[in-house]
Amino acid sequence: MKGITREKIKVDRVACPWLIRNFVDPEAEFVFLPHNTEWDKIDNGIVFDVPNCELGHHGEDVSFNSILKKYDLTDPALVLLGEIVRAADSHPSNPHQGGEGLRWIASGFGALRLSDHAILEREFVVYAALYAECKRRVSKA
């Protein structure tokens, strides 16, 4: 799988590659293109988190939620993580309290001026830790 999205990644554009690599395709590759790319003309990969795409924002859902739905990922811990990503990446009516911290972490990685691929490499451990905590919390419920 080849995922294609906008450059200068933050919350959703890091969370989605983490989700894809861990639950859809462990060999997935990711390409980051300029914001002014003509997304509807791309036919050599799966476009995500760009305007007017299937795996994008729909209503209050962010791209992470769209991927959960498309690939029928129903693990309650992933659903909880999706709520945190949604709160960090958009302004839902009932945001999860963990969203603000995740937004700060994503902004901090952006401030380090790393390449998009370097950010993915470093932040995947953040998402692994968040997922582990989500699993712990849903198992208590």
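Above this text you will find the structure in question.
Residues numbered from 1 in each chain as written. Predicted model: local features only at pLDDT ≥ 70, side-chain atom pairs only at ≥ 80, totals over all residues. Heavy atoms only, no water.

A. Representation of the pairing of strand E2 (residues 29-33) in the model. Going residue by residue along E2, you find Phe30 and Phe32 tucked away on one face and Glu29, Val31 and Leu33 left uncovered on the opposite face. Bridge analysis of strand E1 (residues 2-6) against E2 gives 5 bridges, and the strand direction is parallel. Pairing of Ile4 across the sheet is with Val31, part of E2. The parallel pair E1 and E2 is bridged by helix H1 (residues 12-23), and the resulting crossover is right-handed. (Buried < 20%, exposed > 50% of the residue type's maximum accessible area, 1.4 Å probe, protein only. Helix = DSSP H or I, 4+ residues; strand = E, 2+ residues; numbered from the N terminus. Pairing = 2+ DSSP bridges. Right-handed = clockwise from strand over helix to strand, strands pointing away.)

B. Quick peek at the pairing of E1. Within E1, 4 of the 5 residues are buried, leaving the element largely enclosed by the surrounding structure. The pairing of E1 with strand E3 (residues 46-47) spans 2 bridges and is parallel. Each residue of the ladder has a partner; that of Gly3, found in E3, is Ile46.

C. How the structure looks around the packing of H1 against helix H2 (residues 63-70). Relative to each other, H1 and H2 sit at 25°, their axes nearing to 8 Å. It follows that H1 is roughly parallel to H2 by the angle criterion. Across the interface between the two elements, Asp12, Ala15, Cys16, Trp18, Leu19 and Ile20 from H1 touch Ser63, Phe64, Ile67 and Leu68 from H2. When grouped by side-chain class, the residues that make up the contact of H1 with H2 number 8 nonpolar, 1 polar and 1 charged. (Axes fitted to C-alpha atoms, helices over the stretch in contact; angles between N-to-C directions. Parallel < 35°, antiparallel > 145°, perpendicular 65-115°, else oblique. Contact = heavy atoms within 4.5 Å. Nonpolar A, V, L, I, M, F, W, Y, C, P; charged D, E, K, R; others polar.)

D. Representation of the packing of H1 against helix H5 (residues 116-140) within the structure. Running from N to C, H1 and H5 point in directions that differ by 70°, and their axes come no closer than 9 Å. It follows from the interaxial angle that H1 and H5 lie roughly perpendicular. Of the residues in H5, those touching H1 at Arg13, Val14, Ala15, Pro17, Trp18, Arg21 and Phe23 are Ile119, Leu120, Glu123, Phe124, Tyr127, Ala128 and Tyr131.

E. Inspection of the nonpolar core at higher detail. Counting residues in hydrophobic clusters, the biggest one holds 35 residues, and the most contacted among them are Trp18, Leu19, Phe64, Leu81, Val85, Leu102 and Tyr127. When residues of this core are traced back to their parent elements, those giving at least two are H1, E2, H2, helix H3 (76-89), helix H4 (99-111) and H5. Beyond its immediate stretch of four places on either side in the chain, Trp18 contacts Phe23, Phe64, Leu78, Leu81, Phe124, Tyr127, Ala128 and Tyr131. In this structure, Ile4, Trp39, Ile42 and Cys53 belong to the second largest nonpolar core, which totals 6 residues. (Core = buried A, V, L, I, M, F, W, Y, C linked by side-chain atoms within 4.5 Å.)

F. Structural detail: H5. If you check H5, its first and last C-alpha atoms are 35 Å apart, about what 25 residues at 1.5 Å a residue would give, namely 36 Å. Largest kink in H5: about 35°, centred on Glu123. Residues of H5 that are buried make contact with H1, E2, H3 and H4. (Expected span 1.5 Å × (residues − 1). Bend = angle between axes of the 7 residues up to and from the residue.)

G. Seen up close, the pattern of salt bridges. Summed over all chains, the structure comprises 10 salt bridges. A salt bridge links Lys41 to Glu38, with the shortest nitrogen-to-oxygen separation between them at 3.4 Å. Connected through salt bridges with shared partners, the residues Arg6, Arg13 and Asp49 form a single ionic network. (Salt bridge = Lys/Arg side-chain N within 4 Å of Asp/Glu carboxyl O.)

H. Focus on H2. H2 sits mainly inside the fold: 6 of its 8 residues count as buried. Those residues of H2 that fall on the buried side of the exposure criterion are Ser63, Phe64, Asn65, Ser66, Ile67 and Leu68. Against the buried residues of H2 lie H1 and H3. Positive backbone phi, approximately 50°, marks Asp72, located one or two places after H2.

Bear in mind that shape data such as this cannot, by itself, settle questions of function.
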